[in-house]
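The residues making up each chain are set out below.
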Amino acid sequence: MAEQCIFCRIVAGEAPGDIVYQDKDFLAFRDISPQAPIHLLIIPKAHITSLAQLADEQQELAGRLVILAKKLAEKEGITERGYRLVINCGSEGGQLVPHLHLHLIGGRKLGDRLG
Ligand code: DGP
């Protein structure tokens, strides 16, 4: 756990979070500032600063993260309508929280532009 990391603090139960799923490796919770009716953040519990820090050996973790997002989209009832997965990486990628997270966004028609 990184002491100053807000997402690590949510994992540890030291900061509030509207948690929708957790297992031993992952946590999913609702974004505090949702961009759409459904906006979840899905994170590995281990502190990984960004996608750029993900090691080759963490392939399985990365794959499971995406499969979990797919399952949570089903649980949220947006699979048929469609949704978007986003990982912001680094400052120009718009990453504000330095703990790897996948945005699952849906529940409305999303814009065509990605950035
Ligand atoms: P990014 O720009 O990819 O780093 O997105 C960070 C997201 O995290 C942003 O949409 C707002 C959200 N966020 C920041 N702090 C908190 C928090 O304390 N709780 C929750 N639930 N979401 C947060």
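Further up the page is the structure itself.
Residues numbered from 1 in each chain as written. Predicted model: local features only at pLDDT ≥ 70, side-chain atom pairs only at ≥ 80, totals over all residues. Heavy atoms only, no water.

> Is there a simple way to think about the site of the ligand in this case?
Neighbouring residues of the ligand: 15 residues in total, closest Asp31, Gly94, Leu96, His101 and His103. Measuring from an oxygen atom of the ligand, one finds a backbone N or O atom of Gly94 at 2.7 Å. Within the contact set of the ligand, an oxygen atom lies 2.9 Å away from a backbone nitrogen or oxygen of Val97. Surface burial for the ligand is 83%, taken as the share of its 510 Å² of free accessible area covered by protein chains. (Near = heavy atom within 4 Å. Polar contact = N/O pair within 3.5 Å; in protein donor to acceptor, adjacent residues only side chain to side chain. Areas by Shrake-Rupley, 256 points an atom, 1.4 Å probe, with all protein chains shown as cover.)

> Quick question: what am I supposed to make of the packing of aromatic side chains here?
The geometry of an aromatic ring pair comes down to the distance between the two centres and the angle between the two planes. On inspection of all chains with the given rule, the structure shows one aromatic pair. For the ring pair Phe7 and Phe29, a centre distance of 5.2 Å and an interplane angle of 75° mean the geometry is edge-to-face. Taken together, the positions of Phe7 in helix α1 (residues 6-11) and Phe29 in strand β2 (residues 26-30) put the pair 22 residues apart, joining distant regions of the chain. When its relative accessible area of 6% is taken as the criterion, Phe7 is described as buried. (Phe/Tyr/Trp six-rings, centres within 6.5 Å; stacked < 30°, edge-to-face > 60°. Helix = DSSP H or I, 4+ residues; strand = E, 2+ residues; numbered from the N terminus. Buried < 20%, exposed > 50% of the residue type's maximum accessible area, 1.4 Å probe, protein only.)

> Is there a simple way to explain the state of the cysteines in this structure?
Disulfides are covalent bonds that connect the sulfur atoms of two cysteines. Across all of its chains, the model carries zero disulfides by this definition. Note on Cys5: no disulfide assigned, nearest cysteine sulfur contributed by Cys8 at a separation of 3.8 Å. A relative accessible area of 6% places Cys5 in the buried class. (Disulfide = S-S within 2.5 Å.)

> Sorry if this is basic, but what is going on with the pattern of salt bridges here?
When the charged atoms of two side chains lie near each other, side chains of opposite charge can form a pair. For the structure shown, the criterion picks out six salt bridges. Ionic pairing is found between Glu76 and Arg30, a salt bridge with its closest N-O pair at 3.0 Å. Of this pair, Glu76 sits in helix α2 (residues 59-76) while Arg30 sits in strand β2, placing them 46 residues apart in sequence. Assessed through its relative accessible area of 32%, Arg30 is described here as partly exposed. In the salt-bridge network here, residues are joined through shared partners; they are Asp18, Arg30 and Glu76. (Salt bridge = Lys/Arg side-chain N within 4 Å of Asp/Glu carboxyl O.)

> I'm lost on the environment of Tyr21 in this one. Help?
With respect to the element layout, Tyr21 can be found in strand β1 (residues 19-22). For Tyr21, a relative accessible area of 26% gives the class partly exposed. C-alpha of Tyr21 to C-alpha of Ile42: the two residues are 21 residues apart in sequence and 8.8 Å apart in space. What Tyr21 contacts, discounting residues up to four positions off in sequence, is Phe26, Leu27, Ala28, Leu68 and Leu72. At 2.7 Å, the side chain of Tyr21 forms a polar contact with the side chain of Asp23. (Contact = heavy atoms within 4.5 Å.)

Coordinates in, geometry out; function isn't part of it.
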